[in-house]
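Architecture and fold: a report
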Amino acid sequence: HAAAGGLKMNLALVDPFRNELPPEAVEEALDMGAGTTCAFNRWGTLLAVGCHDGRVVVWDFDAHTVPAKVLAAHTHTVTSVSWSCDGRKLASSSADCSVCVWDVLSGDVDARLRFESAAWFVQMHPRLPNVLIACAMYDTLVLLTLAKQDDGTWTYTKTPLPVSPPPNAVVSPPPVSGGASPPLPPPPLSPSPPPLPKRLKPAANSLAASFDHTGEHIFVGTCRGVLLLVETATTRVVKTIRVQHVGGTSVVAIKAIEMSRCGKWMLLNCSDRTIRYYEIPATFLRVYEDPVNHVPWTKCCFSPNGEYIIAGSAQKSQNNIYVWDRTGRFIKILEGPKEGVLDIEWHPSRSNIVSCSTSGPVYIWGSNYTENWSAFAPGFKELEENEEYFEREDEFDILDEGAQQEGPEAKKKRKKVEQEATYHEVVDIETVDRLDDTLDRLADASCLKYLPSIPEPDVFTR
């Protein structure tokens, strides 16, 4: 990476193009309880795994032999985990009807929110470390804002988010890009259903939600096939879009919403066993599916650069991860052990995928790198095998013989080449290059990228 003042030499010595390709096979398995969900922090240095017994295990991804931290406050299965933007807080939802916000460094619970039913989803704000959204099975979707008091305790304010279109809203089909086939006309909105019990009302509307990459808006998906764009500051519905059914006019429920790291695209995991690909705010591009087996999907996500899409199949006896490119072309299937997939996550900067299985272990997928430490002069390249080379007639002619016949443009070009050949660039080995410029607003001093290790003293007994 060239920059003013020289070249930066502190980046990882790996092929950047190879590092963006999908992994190939399972490299390692993390076995510390039965993992049900997982999430990387912003830099990919720490991995949080929610377990079936209620624990949240934090692993150092570079040295994942021993857990770096074990957080225990839930009494039932952890259903979702999410990191704050500065890496200092971790939110977890559980089937014990609670959402906990942890201080990762100390391991304490800063705040605990109780629901009337099992909490199944939580997500931290991408820019504000004390703001998150959460939802339970039979409760409404809420926006939580944490505040620290003078005595050191934390309090929170709970704001319900809209889970249905406004009464006078016009629900329109999403605009279609030029490369996608036009969808069918949207079915008319059904009349209002009969009143449900109070604690069942929100569950009939709200299923999925996600912040956009700036946190200024929240995408809310409903089981009626409606996608709501909600303004975070005012909780006002800005836009309402109908999700089209592929090959029919029935209602499609939105199970999950996934955003790309660059904030340009999003994926909708829908109940008709398809994954819909949108350009934000809501331009429909294409559909990803298995046209042969028509398998449902447990989780889908983007690669770090957004060029690949992966999805874990919901088959109970197969640990298969499907890989497509952004143009819709099917790449391959990553076949793992004979067990189902619960959750998948792609590393923020490496060619690694982490998947939680139904039998308990958390698998790390990676690529087989072939190290090559050969060094050649500029302009030379290493050949894998012999190649027949045909020399041009004037390839090795002495340049000075025809220098007098050179025109002004040729002389100017030759002089520029000679100057570049004698120019020596200054190598900068002190400036730290940023690997992730998504959140430059945050100071590095306020972020927690690694957990300190505390060595245990040797105790000798006689």
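Below you will find a few notes about this structure. (Residues numbered from 1 in each chain as written. Predicted model: local features only at pLDDT ≥ 70, side-chain atom pairs only at ≥ 80, totals over all residues. Heavy atoms only, no water.)

Structural notes on the pairing of strand S6 (residues 55–60)
Counting buried residues along S6, 5 of its 6 residues qualify, which places the element largely inside the surrounding structure. Judged from the 4 bridges that link them, S6 and strand S7 (residues 69–72) form a sheet pairing that is antiparallel. Paired with Val-57 across the two strands is Val-70, which belongs to S7. (Buried < 20%, exposed > 50% of the residue type's maximum accessible area, 1.4 Å probe, protein only. Helix = DSSP H or I, 4+ residues; strand = E, 2+ residues; numbered from the N terminus. Pairing = 2+ DSSP bridges.)

Details of the sheet that holds strand S20 (residues 254–259)
Taken in spatial order, the 4 strands of this open sheet run S20-S21-S22-S23, and their pairing is antiparallel. One side of each edge strand has no neighbouring strand; the edge strands of this open sheet are S20 and strand S23 (283–288). Pairs of neighbouring strands in the sheet enclose a mean axial angle of 25°, with direction left out of account. (Axes fitted to C-alpha atoms, helices over the stretch in contact; angles between N-to-C directions.)

What about unusual backbone geometry?
Here the bond from Ile-280 into Pro-281 is cis, since omega is 15°, no more than 30 degrees from zero. Residue Thr-235 is not a glycine yet carries a positive backbone phi of 55°. Positionally, Thr-235 belongs in the loop between strand S18 (226–231) and strand S19 (237–242).

A closer look at the pattern of salt bridges
In this structure the tally under the stated criterion is 9 salt bridges. In this structure, Asp-272 engages Arg-276 in a salt bridge whose closest nitrogen and oxygen atoms are separated by 2.9 Å. Take Arg-276: its relative accessible area is 1%, and that puts it in the buried class. The closest approach of N and O atoms between Lys-299 and Asp-343, which form a salt bridge, is 3.1 Å. In this pair, Lys-299 is assigned in strand S24 (residues 297–302) and Asp-343 in strand S28 (residues 341–346), connecting sequence segments 44 residues apart. Across this residue pair, the class does not change: Lys-299 and Asp-343 are buried. Because the salt bridges share partners, they merge into one network encompassing Lys-299, Asp-343 and Glu-345. (Salt bridge = Lys/Arg side-chain N within 4 Å of Asp/Glu carboxyl O.)

Observations concerning the pairing of strand S17 (residues 217–222)
Counted residue by residue, S17 has 5 buried out of 6 residues, so it is predominantly covered. Pairing of S17 with S18, which is carried by 5 bridges, proceeds in the antiparallel orientation. The residue bridging Val-220 from the neighbouring strand is Leu-228, located in S18. Counted along the chain from S17 to the antiparallel partner S18, the turn is 3 residues long, and its residue Gly-225 has a positive phi close to 75°.

Quick notes on a negative patch on the surface
The grouping of Glu-382, Glu-384, Glu-385 and Glu-387 at the surface amounts to a negative patch. With respect to the helices and strands, Glu-385 occurs in the loop between strand S30 (362–366) and helix H1 (408–422). (Patch = residues over 30% accessible without salt bridge, like charges linked within 9 Å, V, L, I, M, F, W, Y side chains within 5 Å. Areas by Shrake-Rupley, 256 points an atom, 1.4 Å probe, with all protein chains shown as cover. Lys, Arg positive; Asp, Glu negative; His and termini not counted. Charge placed at Lys NZ, Arg CZ, Asp CG, Glu CD.)

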